[in-house]
Amino acid sequence: MKATNKAILALEDGRTFEGEAFGHTGTTTGEICFNTSMTGYQEIITDPSYRGQIVTLTYPLIGNYGVNEEDAESAQPHVRGLVIGELSPVASNFRSQQSLGDYFVEHKILGIEGIDTRALTKHLRTAGAMRCCITTELSAEEAIQKAKDSAPMEGSDFVKEVSTESNYHWEGESRLWNIPSPSQNREGHYDDLEPAKYKLVAFDFGIKYNILRSMRQAGFEIEVVNSRTSAEEVLALNPDGIFLSNGPGDPAALDYIHAEVEKLLGKKPIFGICLGHQILTHAFGGKTYKLKFGHRGGNQPVKDLRTGKISITAQNHGFATDADSLPDDVEITHINLNDDTVEGFRHKTFPAFSVQYHPEAAPGPNDAKYFFDEFAAMIEDFQG
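Each value, and the rule that gives it
- Residues numbered from 1 in each chain as written.
- Predicted model: local features only at pLDDT ≥ 70, side-chain atom pairs only at ≥ 80, totals over all residues.
- Heavy atoms only, no water.
- Core = buried A, V, L, I, M, F, W, Y, C linked by side-chain atoms within 4.5 Å.
- Buried < 20%, exposed > 50% of the residue type's maximum accessible area, 1.4 Å probe, protein only.
- Helix = DSSP H or I, 4+ residues; strand = E, 2+ residues; numbered from the N terminus.
- Contact = heavy atoms within 4.5 Å.
- Pairing = 2+ DSSP bridges.
- Salt bridge = Lys/Arg side-chain N within 4 Å of Asp/Glu carboxyl O.
- Axes fitted to C-alpha atoms, helices over the stretch in contact; angles between N-to-C directions.

Whenever I open this one, the nonpolar core confuses me. Can you help?
Proteins that are soluble and globular tend to have nonpolar side chains buried together. Core analysis: the largest hydrophobic core is formed by 27 residues, its most contacted members being Met215, Phe220, Ile222, Phe243, Phe271, Ile273 and Phe375. Mapped onto this core, the elements with two or more residues apiece are β11 (198-204), α6 (209-217), β12 (220-226), β14 (270-273), β19 (352-355) and α10 (371-383). Sorting elements by how many residues they give to this core places α10 first, with 6 residues. Look past the residues within four positions of isoleucine 273 in its chain and what remains in contact with it is Ile211, Phe243, Leu244, Ser245, Asn246, Val355, Tyr357, His358, Pro359, Glu360 and Phe372. In this structure, Val201, Val225, Ile242 and Ala352 belong to the second largest nonpolar core, which totals 25 residues.

Following this line, the structure appears as structure tokens:
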């Protein structure tokens with residue numbers, strides 16, 4: 001559906017942009033950020049890590065292949081708003097079930113199109129991340145004040161909003177999707193799935209479906225537990241390994257989680273991704289800090305300091321590990337080649353490691369997907 005409602009995007013520093021609303025109407029606020037991925041808008045919109053944020057997509061045309069149930073990364077969208085250059089008037093793909101505009105209407109998400117996303121992104125890279133407001137009902141001055149009055153990302157615990165209320169056993173579709181090929185004797189759209197070999201407890205801090213799919217493909221049977229689960233409750237499940245998921249908000253605000261993860265160190269192999277990496281930072285005794293504008297997109301170069309190998313990775317985070325705060329028994333294993341920030345580490349004694357980026361991608365490259373197999377190998381070594 002093509003928008004006709006005028007809308008305003010207002011930043012807390014007073015800069016404003018005019019465009020047209022699509023999806024829902026009204027007013028929304030959040031921290032504005034930008035993602036440079038060329039595809040995968042549905043995965044971005046449904047990623048719980050974006051809770052509390054308004055996302056700018058730098059690719060100019062969005063919505064051209066529609067929306068479908070299989071590409072969602074959670075049960076609902078989590079962005080507070082979406083900023084784009086142009087909404088495609090046509091959703092054309094054989095897997096499409098709904099247009100992006102109709103999807104936003106259904107879920108009451110406010111989008112704005114007709115924005116110079118290049119100018120907006122350059123402004124955020126210069127001025128840094130900030131709060132913003134999208135509105136179809138306020139004046140520019142009122143919208144700026146609304147942005148200023150909204151809660152900052154620092155100190156925010158959005159994990160409590162996105163974590164599962166009830167623990168559950170993952171039974172979702174986890175087979176690799178593929179294209180039928182008679183020459184390769186592949187008749188259907190899915191590859192066969194090997195039997196599960198390891199029992200995993202996964203903390204849900206805002207976990208993505210593709211992490212669960214990737215873990216299952218690597219041989220894990222997965223029990224997902226909520227963010228308030230104690231170390232004692234986890235160990236009572238007697239898993240072969242423990243996973244710390246991605247998620248939204250400020251990792252420094254999660255003291256109640258840091259304490260429980262610290263109790264698990266050395267008891268079972270631990271693997272963390274994104275927020276899980278930042279939580280492990282605090283459990284190790286380190287600190288995190290807010291990046292100027294974050295890393296979000298599918299083209300971030302990361303170097304493995306152990307091998308010299310460089311991977312192009314999918315990332316989505318606004319906080320990072322303070323390298324100088326890490327104790328001597330933690331080894332930094334990966335760095336971002338754009339700004340030298342910490343992208344991965346491992347404990348020298350305990351079987352625990354993590355990465356700041358997303359090996360499961362969705363969207364993004366699969367250069368780093370080997371980490372799921374590395375975790376399985378760590379479990380094999382731990383079991384002796």
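Back to the text.
Just checking my understanding: could you explain the pairing of strand β16 (residues 310-321) for this structure?
Along any regular strand the residues' side chains alternate between the sheet's two faces. Counting buried positions over the 12 residues of β16 gives 10, a clear majority of the element. Across 10 bridges, the pairing between strand β15 (residues 288-304) and β16 is antiparallel. Considered in β16, the bridge of proline 301 is made with isoleucine 312. Where β15 folds back on β16, the antiparallel hairpin that results is connected by 5 residues, among which glycine 308 adopts a positive phi of roughly 85°.

So what exactly am I meant to see when it comes to the pattern of salt bridges here?
Close approach of charged atoms allows side chains with opposite charge to pair. Within the structure shown, the criterion is met by 14 salt bridges. Two residues, glutamate 161 and arginine 51, come together in a salt bridge whose shortest N-O distance is 3.0 Å. Taken together, the residues span a long stretch of sequence, with glutamate 161 in helix α5 (residues 159-162) and arginine 51 in the loop between α1 (41-45) and β4 (53-57) at a distance of 110 residues. One salt bridge connects arginine 95 with glutamate 70, and the closest N-O pair in it is separated by 3.2 Å. You can see arginine 95 sitting in the loop between β7 (86-87) and α2 (100-107) and its partner glutamate 70 sitting in the loop between β5 (61-62) and β6 (81-83), a full 25 residues away along the chain. By relative accessible area, which is 22% here, arginine 95 ends up partly exposed. Here glutamate 70 falls in the partly exposed class, since its relative accessible area comes to 42%. Counted as one network, the salt bridges with shared partners bring together Glu70, Asp71 and Arg95.

When you look at the sheet that holds β11 in this model, what are you seeing that I'm missing?
Pairing in this open sheet of 10 strands is mixed, and the strands run β10-β12-β11-β13-β14-β19-β18-β17-β15-β16 from one edge to the other. With one partner strand each, in any of the chains shown, β10 (168-169) and β16 form the two edges of the open sheet. The pairing of strand β18 (residues 342-347) with β19 spans 3 bridges and is classified as antiparallel. Bridging from a neighbouring strand, arginine 346 pairs with phenylalanine 353 of β19. Running at roughly 165° to β14, α10 makes contact with β11, β12, β13 (241-244), β14, β17 (330-336) and β19 of the sheet.

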